[in-house]
Amino acid sequence: MTSTTTSGQTTGQATRDLGVGLISVGWMGKLHSRAYQALPWAYPELGLRPRLVHAADTASDRVAYARDALGYERGTTDYRQVLADPEVDVVSICAPNMLHREIGVAAAEAGKPFWIEKPVGRDARETGEVAAAARAAGVVTSIGFNYRHAPAVEHVRDLIASGALGRITNLRAVFFTGYAAEPRGALSWRFKRELAGSGALGDLLSHVVDLVSYLIGPIAEVSALTSTVYTERPILPMGSATHFAVIEDGELGPVENDDYTAALVRFAPTAQGPGAVGTLEASRTIVGPQCGLGFELYGTDGSATWNFEQMNELRLCLGRSGPHQGYTCVLANPHLGDYARFQPGPGIAMGYDDLKVIEAKKFLAAVAGGERRNSTIDDAHAVAEVIAAADASAASGSWQAVPAVPGASFGREPAPVNPDSSHG
Ligand SMILES: NC(=O)c1ccc[n+]([C@@H]2O[C@H](COP(=O)([O-])OP(=O)(O)OC[C@H]3O[C@@H](n4cnc5c(N)ncnc54)[C@H](O)[C@@H]3O)[C@@H](O)[C@H]2O)c1
């Protein structure tokens, strides 16, 4: 069978089917499914055609939705059946955090390459256990660090690597979102230590840590604080709604983790000199910003500012002087990252879901033995170690060194080769 390029030409390349298993049909489960479906039209030259085979969720109405609306061939309430299905070549793990370790290890032991949502477990120990299982099994992994795929972010990374911004000296990065700004916002699994681990720290700052590590390099030291803005919320049964739900008269239960966190960080030194320093913050209860994941990066020769709320705009300052000194706004365009896969001309907004398509592409290209630009379980482990160090610092009030994770390269080295990549 032949496939076609974005310009409509046939490539003559054979098409390979990949059976997809999905574990958990919540928000992320839907987006992973949609991303797999979009892959052949966005990246036809890969010759990959994902087939939605088997979906699992403990909520039976979500299993029915996976079959009837998303198009999975079969469904189950037991995720083990997905992992045991011989027609499932790759698995998306979109379960709540407390299940990441169990399911991630089980997927590795079943020999299935997996795309797992961040933060991969409730703490660094759990992330490390998933990483060890994946390494032992030699399976390709991919993590839901979707923001790193934004074309503007990829472009800033290229500018840093080329030296266009000089040596990065300092930065500010935040994830300010108001998903829990409503005091009657539901007490979903996200607010329970046993189910989620930390709060804004693991849920939101993990994205920030991945983003800045992807742009600059690993974080070496951290000093952090946390606070909880709303200490009680109305109870929500698992799988009945998302964390955006508001319950007016429900019974209240305790919030067990942080709503806000702030960290001072020092990056590891680079070949260009001492490591950058900066501040990272995250809040899930803030009023104003809605999905404000952003950064300001300052280098000796230039600066870059980006925020997901204006995902298609990049503010750049290149050079210290001249008639155009100061910031210029660049709209997303076909020269930046994978933008051209989605839109033919500049200034036509891409969206959040498109980032998941890019993530699916990086995952499946690696599974198929092609380029290895996927984020890896080792990257997730390195992020989890920063979060753990921040958690420990918030408790102790002192600076914490972040242990280095071998194999975590944030895309600077190709992800480790899967010795059995044909398996997928
Ligand atoms: N990458 C991102 O930007 C991003 C955004 C949101 C969520 N996430 C991550 O994705 C994961 C899922 O979050 P969500 O917002 O999709 O959650 P959600 O609450 O929308 O969905 C979770 C689903 O898991 C199901 N579930 C619970 N126990 C299960 C079990 N034992 N087996 C199978 N399914 C089970 C629930 O019934 C529910 O359908 C979390 O780890 C979260 O941190 C990532």
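Data block above holds the structure.
Summarised in this report is the structure supplied together with it. If you're wondering where the values come from, they're calculated on a predicted model, not measured in any experiment.

1. Section: the side chain of histidine 381
In step 1: One can find histidine 381 in helix α10 (residues 377-396).
In step 2: When its relative accessible area of 14% is taken as the criterion, histidine 381 is described as buried.

2. Overview of unusual backbone geometry
In step 1: In the segment running from lysine 118 into proline 119, the intervening peptide bond is cis, with an omega of 0°.
In step 2: Tracing the backbone shows proline 119 in the loop between β5 (114-116) and α5 (124-137).
In step 3: Residue phenylalanine 410 is not a glycine yet carries a positive backbone phi of 50°.
In step 4: Looking at phenylalanine 410, the relative accessible area reads 4%, which means it is buried.

3. Observations regarding the packing of aromatic side chains
In step 1: Taken as a whole, this structure holds 10 aromatic pairs when the rule is applied.
In step 2: Seen from their ring centres, tyrosine 36 and tryptophan 115 are 5.4 Å apart, and the 80° between their planes marks the pair as edge-to-face. Here tryptophan 115 lies in strand β5 and tyrosine 36 lies in helix α1 (residues 27-42), a separation of 79 residues in the sequence.
In step 3: Here the aromatic cluster, defined as three or more aromatic residues joined through ring pairs, consists of Trp27, Tyr147, Phe175, Phe308 and Tyr352.
In step 4: Over the ring of tyrosine 179 we find arginine 190, and its NZ or CZ is 5.9 Å from the ring centre.
In step 5: Positioned above the aromatic ring of tyrosine 327, the side-chain terminus of arginine 315 is 4.5 Å from the ring centre.

4. Considering α1
In step 1: In this model, α1 (16 residues) spans 22 Å end to end at C-alpha, consistent with the 22 Å of a helix rising 1.5 Å per residue.
In step 2: Residue tyrosine 36 marks the point of greatest curvature in α1, where the axis turns by about 25°; the proline proline 40 follows within four residues.
In step 3: Inspection of α1 places Met28, Gly29, Leu31, His32, Ser33, Ala35, Tyr36, Ala38, Leu39 and Ala42 among the buried residues, and these make up the whole buried set.
In step 4: Against the buried residues of α1 lie β1 (16-23), β2 (48-56), α2 (60-70), β4 (90-93), β5 and α9 (352-367).

5. A few points about the sheet that holds strand β13 (residues 291-299)
In step 1: As summarised here, the arrangement of the 9 strands in space is β16-β15-β14-β13-β7-β12-β11-β8-β17, forming an open sheet in which the pairing is mixed. Because the sheet does not close on itself, it has two edges, and the strands there are β16 (328-331) and β17 (400-401).
In step 2: Bridging between strand β7 (residues 168-177) and strand β12 (residues 277-283) involves 7 bridges; their strand directions are parallel. Looking at β12, one finds that leucine 171 is bridged to glycine 278.
In step 3: In the packing of helix α8 (residues 200-215) onto the sheet, the strands contacted are β7, β8 (219-227), β11 (260-267), β12, β13 and β14 (302-307), and the crossing angle to β12 comes to about 145°.

6. Points about the site of the ligand
In step 1: Around the ligand, the structure places 27 residues, and the nearest of them are Ser24, Asp57, Asn97, Asn146 and Tyr352.
In step 2: A distance of 2.6 Å is found between a nitrogen atom of the ligand and a side-chain nitrogen or oxygen belonging to asparagine 146.
In step 3: If you list the elements that add at least two residues to the shell around the ligand, you get α1, α8 and α9.
In step 4: Among the residues forming the shell around the ligand, the class breakdown is 11 nonpolar, 9 polar and 7 charged.

7. A short note on the sheet that holds β2
In step 1: The strand order across the open sheet formed by 6 strands is β3-β2-β1-β4-β5-β6, and the pairing between neighbours is parallel. Unpaired on one side and paired on the other, β3 (74-76) and β6 (141-143) mark the two borders of the sheet. Strand-to-strand twist of the sheet, defined as the mean angle between neighbouring strand axes without regard to direction, takes the value 25°.
In step 2: Across 3 bridges, the pairing between β2 and β3 is parallel. Within β3, the residue paired with alanine 56 across the bridge is threonine 76.
In step 3: The sheet strands contacting helix α4 (residues 100-109) are β1, β4 and β5, and the helix crosses β5 at an angle near 170°.

Parameters at a glance
Residues numbered from 1 in each chain as written. Predicted model: local features only at pLDDT ≥ 70, side-chain atom pairs only at ≥ 80, totals over all residues. Heavy atoms only, no water. Helix = DSSP H or I, 4+ residues; strand = E, 2+ residues; numbered from the N terminus. Buried < 20%, exposed > 50% of the residue type's maximum accessible area, 1.4 Å probe, protein only. Phe/Tyr/Trp six-rings, centres within 6.5 Å; stacked < 30°, edge-to-face > 60°. Lys NZ or Arg CZ within 6 Å of the ring centre and 35° of its normal. Expected span 1.5 Å × (residues − 1). Bend = angle between axes of the 7 residues up to and from the residue. Contact = heavy atoms within 4.5 Å. Pairing = 2+ DSSP bridges. Axes fitted to C-alpha atoms, helices over the stretch in contact; angles between N-to-C directions. Near = heavy atom within 4 Å. Polar contact = N/O pair within 3.5 Å; in protein donor to acceptor, adjacent residues only side chain to side chain. Nonpolar A, V, L, I, M, F, W, Y, C, P; charged D, E, K, R; others polar.

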